[in-house]
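Architecture at a glance
Take a look at the letters that make up each chain.
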Amino acid sequence: MVKKGVIAAAAMLGLLGGCGESTQVPRTGVVFSMNTVVEYKLYGENSEKAEQALLDMFREFESRVSNFLPESDISRLNSAAGEQAVELSQTAFDVLVRAISLCAVSDGAFDITLSPLERLWNITSDGDIGAEGVSVPTRDEVEALLANVDYRSVLLDPGKRTAKLAKQGQAVDLGGMAKGYAADLARQTLVDNGVSSGYVSIGGNLMIIGKSPGSGLFGYGDRLYKFSLRDPRGGVNDAVATIELTDTTMATSGDYERYFIGEDGVRYHHILDPMTGYPANAGLMSASVISPDGAYADYMSTNLFVRGREYALNNINSLDCGIILIDTDKRIYVSKSLEDAVRPLDGKGYTFEVVQ
Ligand code: ADP
Ligand code: MG
């Protein structure tokens with residue numbers, strides 16, 4: 001799963017105080033789980049039990065789909081590449097089925113078999129210039145590995161619940177959609193455990209349940225949860241806009257979370273274009289997607305980032321999800337459906353436009 005040194009593509013903003021403040025006490029926490037920072041706030045009758053169920057679920061999910069734990073189902077699948085089929089847990093099988101279906105609709109922009117290239121690029125740093133292990137690979141090295149990138153090589157047998165990678169050297173990395181998938185599981189777990197309101201941020205991937213409770217009867221004083229959208233060229237706490245959300249998820253892909261600046265001055269980051277094997281460089285600094293389907297939002301944010309500014313802008317109102325793009329000329333574009341939800345913050349040097 002994705003490794004990240006900082007919290008939040010969407011760092012939390014304090015909720016508005018004042019009258020209508022809830023008398024309920026939420027259960028909050030910040031933990032390191034699934035190789036990233038998980039932050040949550042939960043309201044419910046038995047939020048302690050819900051919290052425990054949430055953390056157990058994350059541990060179980062990670063033990064199945066992690067790329068870092070050698071015993072995970074995905075690691076076993078990768079180790080047996082080109083050799084044999086591996087029996088998977090239902091969790092890992094379901095994630096793989098979903099991941100492959102998303103690869104298939106991405107027109108080549110989203111591919112879970114980029115893992116060997118991710119390892120070659122080894123972009124794990126948060127802007128370390130010239131740090132060890134982050135030198136630019138040669139074109140030959142990139143092309144040799146690129147030849148094996150093809151999600152159609154993941155061969156699934158639903159009857160036996162097994163998977164096999166067709167060729168030796170191939171490997172799967174679910175980092176482009178796993179946090180969103182986990183966000184969907186989190187919603188289910190929390191709702192099943194009586195959580196009526198709250199949010200979970202999984203390394204900046206947000207999942208929101210209901211509204212922030214007010215004090216009055218009949219929902220009086222309830223407010224939408226409010227978050228901030230990170231400045232892709234600012235620090236962890238610098239925001240360019242705020243967004244109000246309820247009962248949905250939000251995922252962001254950007255070129256600022258894990259990257260290094262090469263000796264050639266180029267920003268090399270962790271989202272790769274499966275067509276070239278190089279970091280996607282198509283006019284965007286970040287792409288955020290809002291959808292009740294967390295796996296879809298996570299996939300779509302990566303997909304849009306790879307496909308780039310032109311494709312994303314042309315489709316900003318037709319993809320059945322809310323979209324916020326920040327391009328390399330510091331222009332923020334928001335889809336029509338988010339017109340009332342997103343508010344730009346002044347003085348950040350960005351222009352702002354709701355695309356009609
Ligand atoms: P993040 O998880 O860092 O917030 P993303 O959702 O865009 O952002 O996921 C990036 C991760 O997805 C990378 O670290 C890598 O594991 C994987 N990845 C990178 N490029 C692609 C791609 N084109 N298709 C599928 N997965 C990708
Ligand atoms: Mg993603």
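Residues numbered from 1 in each chain as written. Chains lettered and ligands numbered in written order. Predicted model: local features only at pLDDT ≥ 70, side-chain atom pairs only at ≥ 80, totals over all residues. Heavy atoms only, no water.

**Comments concerning the overall build of the chain**
What counts here: Here a strand is any run of E in DSSP of at least two residues, a helix any run of H or I of at least four, and the numbering for each starts at the N terminus. In this scheme, a residue with accessible area under 20% of its type's maximum is buried, one over 50% is exposed, and one in between is partly exposed, where area comes from a 1.4 Å probe on protein chains only. Here, two residues are considered to be in contact whenever any of their heavy atoms come within 4.5 Å of each other. All accessible-area figures derive from a Shrake-Rupley calculation using a 1.4 Å probe, and residue coverage is judged against the displayed protein chains alone.
Helix and strand content of the chain: 8 helices and 17 strands. Buried positions account for 55% of the 356 residues belonging to the chain. Restricting the contact set of the chain to residue pairs at least 6 apart, pairs at least 24 apart contribute 64%. For the chain, the accessible area works out to roughly 15,300 Å², and carbon and sulfur atoms hold 48% of it.

**Observations regarding the sheet that holds strand E10 (residues 248-254)**
What counts, and what does not: Strands were regarded as paired on the criterion that DSSP finds at least two bridges between them. Angles shown run from 0 to 180 degrees and are taken between the N-to-C directions of axes, each axis being a line fitted to C-alpha atoms and, for helices, limited to the stretch in contact.
Here we have 9 strands laid out as an open sheet, ordered E1-E2-E6-E7-E10-E13-E14-E15-E17, and mixed in their pairing. A single partner strand is all that each edge strand has here, and the edge strands are strand E1 (27-33) and strand E17 (351-355). Here the average twist between neighbouring strands, direction ignored, is 10°. One ladder, built from 5 bridges, connects strand E15 (residues 331-335) with E17; its direction is parallel. Bridge assignment links Val334 to a residue of E17, and that residue is Val354. Relative to strand E2 (residues 36-44), helix H1 (residues 47-65) is tilted by about 150°, and along the sheet it contacts E1, E2 and strand E6 (195-202). On top of the sheet, helix H7 (residues 294-307) reaches strand E7 (205-209), E10, strand E13 (284-291) and strand E14 (322-327); it is set at about 160° to E13, its chief contact.

**Looking at the pairing of E2**
Across the 9 residues that make up E2, a large majority, 8, are buried. Pairing of E1 with E2, which is carried by 7 bridges, proceeds in the antiparallel orientation. Across the sheet, Arg27 pairs through a bridge with Leu42, a residue of E2. Between E1 and E2, which follow one another and run antiparallel, lie 2 residues, and Met34 among them has a positive phi close to 50°. Relative to E6, E2 runs antiparallel, the two being bridged by 7 bridges. The partner of Gly44 across the bridge, within E6, is Val195.

**Side note on the pairing of E6**
Within E6, 7 of the 8 residues are buried, which leaves it mostly tucked inside the rest of the structure. Pairing of E6 with E7 involves 5 bridges; the strand directions are antiparallel. For Val200, the partnering residue across the bridge sits in E7 and is Met207. Counting the residues in the hairpin turn of E6 and E7 gives 2 residues, including Gly203, whose phi is positive at 55°.

**Overview of the coordination of the magnesium ion (ligand 2)**
Test applied: Atoms are scored as donors when they are N, O or S and lie within 2.8 Å of the metal, with 3.2 Å used for Na, K and Ca; no water is included, so coordination may look incomplete.
Looking at the metal site, the magnesium ion (ligand 2) is ligated by Gly176 (O), Asp298 (O), Asp298 (OD) and Thr302 (OG1), spaced 2.0 to 2.4 Å from it. Counting gaps between the donor residues of the magnesium ion (ligand 2) yields the pattern G-x121-D-x3-T. Here Thr302 lies in helix H7 and Gly176 lies in the loop between strand E5 (162-165) and helix H6 (178-192), a separation of 126 residues in the sequence.

**Description of the packing of aromatic side chains**
Using the following cut-off: Paired rings are identified among Phe, Tyr and Trp, the last through its six-membered ring, by centres lying within 6.5 Å, and are further divided according to the angle between planes into stacked (under 30 degrees), edge-to-face (over 60) and tilted (the rest). We call a charge positioned over a ring when the NZ of a Lys or the CZ of an Arg lies within 6 Å of the ring centre and within 35 degrees of the ring normal.
Taken as a whole and assessed by the stated rule, the structure comprises 8 aromatic pairs. With a centroid separation of 5.5 Å and 25° between ring planes, the pair formed by Trp121 and Tyr268 is classed as stacked. Note that Trp121 is positioned in helix H4 (residues 115-121) and Tyr268 in strand E12 (residues 267-269), a separation of 147 residues in sequence. Looking at Trp121, the relative accessible area reads 0%, which means it is buried. Centre to centre, the rings of Tyr199 and Tyr225 are 5.5 Å apart; their planes meet at 80°, and the pair counts as edge-to-face. Note that Tyr199 is positioned in strand E6 and Tyr225 in strand E8 (residues 225-230), a separation of 26 residues in sequence. Using a relative accessible area of 8% as the deciding quantity, one classes Tyr199 as buried. Following the ring pairs from residue to residue traces out a cluster consisting of Trp121, Phe260, Tyr268 and Tyr278. Over the ring of Tyr311 we find Arg307; its NZ or CZ atom is 3.9 Å from the centre of that ring.

**What about the sheet that holds strand E4 (residues 154-157)?**
Read from one edge of the open sheet, 3 strands run E3-E5-E4, paired in antiparallel fashion. On the outer flanks of this sheet lie strand E3 (86-87) and E4, each paired with one strand and no other. With 4 bridges joining them, E4 and E5 adopt antiparallel strand pairing. Considered in E5, the bridge of Leu156 is made with Ala163. On the sheet, helix H3 (residues 90-104) packs against E4 and E5 and is oriented at approximately 130° with respect to E4.

**Details of the site of ligand 1**
Put simply, the test is: It suffices for a single heavy atom of a residue to lie within 4 Å of a molecule or strand for the residue to be listed as near it. Definition of a polar contact: a pair of N or O atoms within 3.5 Å, with one able to donate and the other able to accept a hydrogen when the atoms are protein atoms, and with sequence-neighbouring residues admitted only if both atoms are side-chain atoms. Ten residues, namely Ala, Val, Leu, Ile, Met, Phe, Trp, Tyr, Cys and Pro, are considered nonpolar, four, namely Asp, Glu, Lys and Arg, are considered charged, and the remaining ones, Gly among them, are considered polar.
Near ligand 1 you find 22 residues, and of these Asp173, Ser253, Arg258, His270 and Leu272 are the closest. Leu272 places a main-chain nitrogen or oxygen 2.7 Å from a nitrogen atom of ligand 1. In isolation ligand 1 has 560 Å² of accessible area, and contact with the protein removes 98% of it. Only E10 and H7 provide two or more residues apiece to the shell around ligand 1. In the shell around ligand 1, the residues fall into 8 nonpolar, 6 polar and 8 charged.

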